[in-house]
Amino acid sequence: IKNIAVLTSGGDAPGMNACIRAVVRTGVYYGKNMFGVIQGYQGLINNNIEAMNARSVSNIIHLGGTILKTARCLKFKEDAGMELAYQNLKAKGIDGLVVIGGDGTFTGAKRFAEKYDIKVIGVPGTIDNDLYGSDFTLGYDTAINTVIEAIDKIRDTADSHDRLFFIEVMGRDSGCIALRSAIASGAEAVLLPERETSLKELITKLKEGASTKKSSSIVIVSEGNKYGGAYDIAHAVKRKFKHYDTKVTILGHLQRGGSPSGFDRILGSRLGFAATKALIKGETLKMAGLHGNEIKLTNLADALNKNNYKLEDDLLEMTHVLSI
Ligand code: F6P
């Protein structure tokens, strides 16, 4: 491996810049030519690829977002788009690629590395924390702290007004942000994509709380749950349970921004360092991930296999018990 490019793709996540910095500086340290791709796979197709050096990544470790920009690129899913991306990399002599992103990013990366002679290592960068092969994905810790801070503020006003709040959090098909933020903010209930808590159960739970003198309640709604968004659920609950004045807050994209936590800066640095070293050693089709306190490689195929990823039932049970 002589020339390595790095890109960020899919939803941005705090800590991506720390990771880009680690990739570029590790490559430079070991004598490689480094490149940054602007706008993920779209940038590969558009030939938006720039040389980078150690100074290109100065003063970014503390920044949210990604200096390389990101995109969700449909063209890369087509053979013609992939071929163009390959030709652009080849023309610059790039033979290794670090991709930082989530499951969509890795699906593209896997197909690409299987088809062409470019080695690819992934870094799990998504606030969703839904990839097998890393205890935590990059950005998740910052996102959950942002969510908890927001819920704390809502709790103040919910309590003052004796209100029931439905707070919608991100996580596409994953309830990880919802479940963990429900625990950390002491929410009364949580609706997750992975589990069916029926509206009947939810109303029973809220009624129990009201009967034991809970003056306000907070329900966390994961965006991917089967009953729809927080407004739909609030509406359905309000029709059957009028005890509280009901309000809705959708936290939305504020969950993806902000300065990365110390944890995410360190995780981004470690994963970027490990991914680049793995590429230099000749590894490909792997993802660098955190296992306990070690960084290990997992096959991209395993990281993407949704059967490997499990939500912890004990945490859901605990949320239920601790919110009586
Ligand atoms: O994958 C990260 C994520 O923030 C999901 O939680 C969410 O469903 C999605 O991205 C939103 O994507 P976009 O910013 O493209 O609307």
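No experiment lies behind these values; they were computed from the predicted model shown.

Colleague: Quick question: what am I supposed to make of the sheet that holds strand β7 (residues 189-191) here?
Modeller: Pairing between the strands of a sheet is mediated by backbone hydrogen bonds and can be parallel or antiparallel. Strand order in the open sheet made by the four strands is β7-β8-β6-β9, with parallel pairing throughout. Edge positions in the open sheet fall to β7 and β9 (245-250), since each of these has one partner strand only. Between one strand and the next, the sheet's axes are offset by a mean angle of 20°, whatever the strand orientation. Across three bridges, β7 lies against strand β8 (residues 217-222) in parallel orientation.

Colleague: Where do I start with helix α1 (residues 16-29) in this structure?
Modeller: Given 3.6 residues per helical turn, the α-helix brings residues three or four places apart onto the same face. Spanning 14 residues, α1 covers 20 Å between terminal C-alpha atoms, matching the ideal 20 Å at 1.5 Å per step. When we look at burial in α1, the residues that qualify are M16, N17, A18, C19, I20, A22, V23, V24, T26 and G27. Looking at the packing, one finds that the buried side of α1 touches β1 (3-8), β2 (33-37), β3 (49-52), β4 (96-101), β5 (119-124) and α9 (262-280). Looking at the residues trailing α1, positive phi occurs at G31, about 80°.

Colleague: Hey, could you run me through the nonpolar core in this one?
Modeller: One recurring pattern in soluble globular proteins is that nonpolar side chains are buried together. Among the nonpolar cores identified, the biggest contains 56 residues, and V98, I100 and I220 are the most heavily contacted of them. If you tally residues by element for this core, the top one is helix α5 (residues 140-161), at nine residues. Apart from the residues within four sequence positions on either side, V98 is in contact with I4, A5, V6, L7, V23, I121, V123, A275, T276 and L279. Judged by nonpolar contacts, the second largest core, of 29 residues, contains F35, I45, F76 and A85.

Colleague: Honestly, the site of the ligand in this entry has me stumped. Any pointers?
Modeller: Neighbouring the ligand are R72, T126, I127, D128, M170, G171, R172, E223, H253 and R256. The contact in question runs from an oxygen atom of the ligand to an N or O atom on the side chain of R172, over 3.1 Å. One nitrogen or oxygen atom from the side chain of R256 is found 2.8 Å from an oxygen atom belonging to the ligand. Taken atom by atom, the bulk of the ligand overlaps the largest pocket. Across the shell around the ligand, the residue classes break down as two nonpolar, three polar and five charged.

Colleague: Explain the packing of aromatic side chains to me, please; I cannot follow it from the model alone.
Modeller: The geometry of two aromatic rings is summed up by the distance between their centres and the angle between their planes. If you walk through the whole model with that rule in mind, you get eight aromatic pairs. An angle of 80° between the planes, with centres 5.0 Å apart, marks the rings of Y29 and Y30 as edge-to-face. Ring pairing ties together the aromatic residues Y41, F76, Y86, F112 and Y116, which thus form one cluster.

Colleague: Quick question: what am I supposed to make of the layout of surface pockets here?
Modeller: Rolled over the atoms, a probe with the dimensions of a water molecule shows which regions are left empty. Taken as a whole, the largest pocket holds about 530 Å³ of empty space. Considering the residues around the largest pocket, the lining is formed by 30 residues, among which G10, R72, G104, T105 and R172 are closest to the centre. Among the elements that line the lining of the largest pocket, the one with the most residues is helix α4 (residues 103-115), at six residues. Looking at the lining of the largest pocket residue by residue, the classes come out as eight nonpolar, twelve polar and ten charged. The calculated volume of the second largest pocket comes to roughly 250 Å³. V190, T197, E201, K205 and H320 are the residues nearest the centre of the second largest pocket, which is lined by 14 residues in total. Contributions of two or more residues to the lining of the second largest pocket are made by β7, α7 (199-211) and α11 (313-322). When residues in the lining of the second largest pocket are grouped by element, the largest group, five residues, is from α7. Partitioned by chemical class, the residues of the lining of the second largest pocket number four nonpolar, five polar and five charged.

Colleague: Hey, could you run me through the pattern of salt bridges in this one?
Modeller: Two side chains carrying opposite charge are able to pair once their charged atoms lie near each other. For the structure on display, the rule yields 14 salt bridges. Where K90 meets D117, a salt bridge forms, and the shortest distance between an N and an O atom there is 3.3 Å. Here K90, found in helix α3 (residues 79-91), pairs with D117, found in the loop between α4 and β5; they are 27 residues apart in sequence, far enough to count as distant. Classification of K90 as partly exposed rests on a relative accessible area of 35%. Note that D103 and K306 form a salt bridge whose closest N and O atoms lie 3.1 Å from each other.

Thresholds applied
Residues numbered from 1 in each chain as written. Predicted model: local features only at pLDDT ≥ 70, side-chain atom pairs only at ≥ 80, totals over all residues. Heavy atoms only, no water. Pairing = 2+ DSSP bridges. Helix = DSSP H or I, 4+ residues; strand = E, 2+ residues; numbered from the N terminus. Axes fitted to C-alpha atoms, helices over the stretch in contact; angles between N-to-C directions. Expected span 1.5 Å × (residues − 1). Buried < 20%, exposed > 50% of the residue type's maximum accessible area, 1.4 Å probe, protein only. Contact = heavy atoms within 4.5 Å. Core = buried A, V, L, I, M, F, W, Y, C linked by side-chain atoms within 4.5 Å. Near = heavy atom within 4 Å. Polar contact = N/O pair within 3.5 Å; in protein donor to acceptor, adjacent residues only side chain to side chain. 1 Å grid on protein atoms, 1.4 Å probe; cavity = no way out; pocket = protein on both sides within 12 Å on 5 of 7 lines; lining within 4 Å. Sits in = over half its atoms within 2 Å of the grid points. Nonpolar A, V, L, I, M, F, W, Y, C, P; charged D, E, K, R; others polar. Phe/Tyr/Trp six-rings, centres within 6.5 Å; stacked < 30°, edge-to-face > 60°. Points joined across faces, edges and corners; volume = space filled by probe spheres on them. Salt bridge = Lys/Arg side-chain N within 4 Å of Asp/Glu carboxyl O.

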